[in-house]
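Coordinates in review
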Amino acid sequence: MNRIEKIRNYFENHNGQREAVMFAFFSLLAGIAQLIVRWVLDLVLRNLTTTVEIWPFPEQALGSLLAFLISNVVAKAMSYAINRTQTFQADNDLRVSVVLYTILTIIVIALETIVGVPLQNWCYEIMGGTFTSAHHMTTTAAQLGLYQVAGTISVCIYNFFGGIVVFVMDKFLIMRKK
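Residues numbered from 1 in each chain as written. Predicted model: local features only at pLDDT ≥ 70, side-chain atom pairs only at ≥ 80, totals over all residues. Heavy atoms only, no water.

**Some words on a nonpolar patch on the surface**
Taken together, the side chains of Phe 25, Leu 28, Leu 29, Ile 32, Ile 36, Trp 39, Val 40 and Val 44 present a nonpolar region at the surface, about 740 Å² in accessible area. A relative accessible area of 34% means that Leu 29 is categorised as partly exposed. (Patch = residues over 30% accessible without salt bridge, like charges linked within 9 Å, V, L, I, M, F, W, Y side chains within 5 Å. Areas by Shrake-Rupley, 256 points an atom, 1.4 Å probe, with all protein chains shown as cover. Salt bridge = Lys/Arg side-chain N within 4 Å of Asp/Glu carboxyl O. Buried < 20%, exposed > 50% of the residue type's maximum accessible area, 1.4 Å probe, protein only.)

Written as structure tokens, this is what we have:
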């Protein structure tokens, strides 16, 4: 028996581990899609510099906020479609599943929005970035690039922790088998 057959046999006998690995893999693909969409939208919407503050979310540029929200919705929709059919092979009521997943997604995106900018700013400062005032960084190209890197790192951090919560909710509530 070769190594691939051993792995296949293991996952056939350990469904929970198979689901966790598949969920992680498909969520990673959705996360990569999210980063790509966010980077592209950040470039396309970079001239929308009007700052917005929607309580309880921190002040941020409108273009950056829209890039974050749109890319996040794309990733969550992609993750739902793939994980429902491939990972959990769910056969429960699709309407109920979509409603529950939508509620979960709204909560997760709201939490990510609340922690996103402070986490990005924290990563930026740890990497040596400087701000000219409370919320405004210096505008050199190197500082802007560093801020983008900090944003990518913050996305990875909150997606990791959010992914744990989403996996548990998907497995036991949203994407069940009858």
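**Observations regarding the pattern of salt bridges**
For the structure shown, the criterion picks out 4 salt bridges. Lys 76 is the partner of Glu 112 in a salt bridge, and the nearest nitrogen-oxygen pair spans 3.6 Å. Linking Glu 112 in helix α4 (residues 94-126) with Lys 76 in helix α3 (residues 62-87), this pair joins segments that are 36 residues apart in sequence. Judged by relative accessible area, which is 4%, Glu 112 ranks as buried. According to the relative accessible area criterion, Lys 76 is buried, its value standing at 11%. The salt bridge involving Asp 93 is made with Arg 95; its shortest N-O contact spans 3.6 Å. (Helix = DSSP H or I, 4+ residues; strand = E, 2+ residues; numbered from the N terminus.)

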